[in-house]
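# Structural overview for review
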Amino acid sequence: MSLKPRARSAAITVRAAAKVNLHLRVGAVRADGYHELTTVFQAVSLFDDVTVRAADVLSVQTSGEGAAEVPDDPALNLAGRAAVRVDPDARVAIEIGKSIPVAGGMAGGSADAAASLLACTRLLGVGWSRAELIAAAADLGSDVPFGLHGGTALGVGRGERLSPVLSRGQYHWVLAIAKTGLATPAVFAELDRLRAKEAAAEPVTHRPDDLLRALAAGEVEQVAALLHNDLQPAALSLQPTLRRTLSAGVDAGALAGIVSGSGPTCAFLCADEEAAVRVAAELAGRGVAKSVRTAHGPVPGCRIV
Ligand code: ATP
């Protein structure tokens, strides 16, 4: 007799948000090959929907923006790997509706993995505690725990050890999505190369207390002034046209612009929603990006819809 947990309901859909890093400091390379990070994540309102239903075999199908660039082999797709992490013999059909840009530095794959973890535990009736879910998320990737968490959070270690951050108000973003993606490992490798060339001092990864205070106070202009990303020079080195995108957004009226995570998406923080709509229209007209979207944050992490 099989002791495998049975599929309990027809289909479960989980919605997962993209992230922007408001602050990203990259420290030294650790013995395990990962860099030590200190980061502040904010979940923003670009969403992927991940639907899981019982099936004869494990499969993944992707539709929507950038679907052609997403592997449908369940061993390669992060949502498929998440299902196997829940049950090595998971027999589920996973459908991903993508709106988060692929290879855009907005943790779309990680969001899908987090959503698939949550959906599969529910569908298969696996009674994991929250701590077990978070541990599985961290095994799947550094950004996956934040996919579950959402909101605003400080991440340390590889970025997987999270604590919630108090954040007041809403932040309005314009996102300039580049024509071609950047692979995260290539951006870290470029940062290492640039640092070696410059014989830079040991990088620091202390807690960004000024930014945390500005977020708690809801001071959008201060938050804009304190946005920081150590990976930005590496992303600009690999995609020099992003410099033009960043200055176009600020010229168009954004408070500040930053490369999101490992890029190449550029995120512009705006004073309010109206300003974001104006900046988005002007940026779209300049032709510096494949597409331009507005989004707000913080929004919740994975939730069943
Ligand atoms: P991060 O911000 O966490 O560095 P990213 O947003 O730059 O990630 P993703 O969109 O998460 O990049 O995906 C990077 C690569 O992972 C893709 O090029 C794709 O080959 C692979 N991948 C595997 N599963 C998925 C998925 N469900 N969605 C998107 N990409 C996936």
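None of these values were measured; they are calculated from a predicted model.

Parameters and conventions
- Residues numbered from 1 in each chain as written.
- Predicted model: local features only at pLDDT ≥ 70, side-chain atom pairs only at ≥ 80, totals over all residues.
- Core = buried A, V, L, I, M, F, W, Y, C linked by C-beta atoms within 7 Å.
- Buried ≥ 20, exposed ≤ 12 C-beta atoms within 10 Å, placed from the backbone.
- Domains from an automatic or database assignment.
- Contact = placed C-beta atoms within 7 Å.
- Pairing = 2+ DSSP bridges.
- Helix = DSSP H or I, 4+ residues; strand = E, 2+ residues; numbered from the N terminus.
- Axes fitted to C-alpha atoms, helices over the stretch in contact; angles between N-to-C directions.
- pLDDT = per-residue confidence, 0-100.
- Left-handed = near helix turned anticlockwise from the far one by under 90°.
- Nonpolar A, V, L, I, M, F, W, Y, C, P; charged D, E, K, R; others polar.
- Near = placed C-beta within 6 Å.
- UniProt positions renumbered as here; feature names shortened; annotations may be inferred.

Counting residues in hydrophobic clusters, the biggest one holds 95 residues, and the most contacted among them are Ala114, Cys120, Trp173, Val174, Leu269 and Leu283. Here this core spans two domains, and each of domain 1 (11-165) and domain 2 (171-297) adds at least three residues to it. With near-sequence residues (within four places) excluded, Cys120 lies in contact with Val52, Ala82, Ala83, Val86, Ala90 and Val92.

Right, let's talk about the sheet that holds strand S9 (residues 256-259) for a bit. Reading across from one edge, S9-S10-S7-S11 is the order of the four strands in this open sheet, with antiparallel pairing throughout. Across the chains shown, the open sheet's two edge strands, defined by having one partner strand only, are S9 and strand S11 (291-297). Each strand of the sheet is rotated relative to its neighbour by a mean of 25°, with strand direction disregarded. Sheet topology places strand S7 (residues 171-177) next to S11; seven bridges connect them, and they run antiparallel. Considered in S11, the bridge of His172 is made with His296. Here helix H10 (residues 273-286) sits on the sheet and contacts S7, strand S10 (266-270) and S11; the angle it forms with S7, its principal contact strand, is near 10°.

Here we take up the confidence of the model for the protein chain. Overall, the predicted model of the protein chain reaches an average pLDDT of 94, with 97% of residues at or above 70. pLDDT under 50 marks residues 1-8. Its contacts with residues more than four places away, or in other chains, come to twelve contacts. Here the prediction assigns the complex a pTM of 0.94, and the interface score ipTM is 0.94.

On any regular strand, side chains alternate: one points to one face of the sheet, the next to the other face. Note that strand S5 (residues 152-157) and strand S6 (residues 161-164) share four bridges and pair antiparallel. The residue of S6 that forms the bridge with Val156 is Arg161. As consecutive antiparallel partners, S5 and S6 are separated by three residues, and within that stretch Gly159 has a phi angle of approximately 105°, a positive value.

Contact geometry of helix H1 (residues 78-86) with helix H2 (residues 108-123) gives a least axis separation of 8 Å together with a crossing angle of 35°. Of the two elements, H1 crosses H2, and the hand of that crossing is right-handed. Every residue of H2 that contacts H1 at Leu78, Ala79, Arg81, Ala82, Ala83, Arg85 and Val86 is listed here: Gly109, Ser110, Asp112, Ala113, Ser116, Leu117, Cys120 and Thr121. Residue composition of the contact of H1 with H2, by class: eight nonpolar, four polar and three charged.

Our focus in this paragraph is the pairing of S5. As judged from the six bridges shared by strand S2 (residues 35-54) and S5, these two strands associate in the antiparallel manner. The residue bridging Thr39 from the neighbouring strand is Gly155, located in S5.

With that settled, the discussion passes to the site of the ligand. Around the ligand sit 23 residues in total, of which Ala107, Gly108, Gly109, Asp112 and Thr184 are the nearest. Among the elements of the structure, H1 and H2 are those that each provide at least two residues to the shell around the ligand. With four residues, the top contributor of residues to the shell around the ligand is H2. In terms of residue class, the shell around the ligand is made up of ten nonpolar, ten polar and three charged. Composition of the shell around the ligand by domain shows at least three residues from each of domain 1 (11-165) and domain 2 (171-297).

Domain boundaries assigned for the protein chain yield domain 1 (11-165) and domain 2 (171-297). A C-alpha centroid distance of 22 Å is found between domain 1 and domain 2. Between domain 1 and domain 2, the contact holds 28 residues from the first and 36 residues from the second. Within the residue set of the side of domain 1 that touches domain 2, elements represented by two or more residues are strand S1 (11-29) and S2. A total of ten residues in the side of domain 1 that touches domain 2 trace back to one element, the largest contributor, which is S2. Its residues assigned to classes, the side of domain 1 that touches domain 2 shows 16 nonpolar, ten polar and two charged.

In this structure's numbering, the residues bearing the UniProt feature "binding site: ATP" (unreviewed entry) are Pro101, Val102, Ala103, Gly104, Gly105, Met106, Ala107, Gly108, Gly109, Ser110 and Ala111. Structurally, Gly109 can be placed in helix H2. By the C-beta count within 10 Å, which is 26 here, Gly109 ends up buried. Following the sequence through the fold, Ala111 ends up in helix H2. When residues no more than four places from it in sequence are discounted, the contact partners of Ala111 are Ala16, Ala17, Ala18, Asp48, Ile100 and Gly147.

Mapped onto the present numbering, the UniProt feature "domain: GHMP kinase N-terminal" (unreviewed entry) falls at residues 78-151. With 57% helix and 9% strand, the stretch residues 78-151 has end C-alpha atoms that lie 22 Å from each other.

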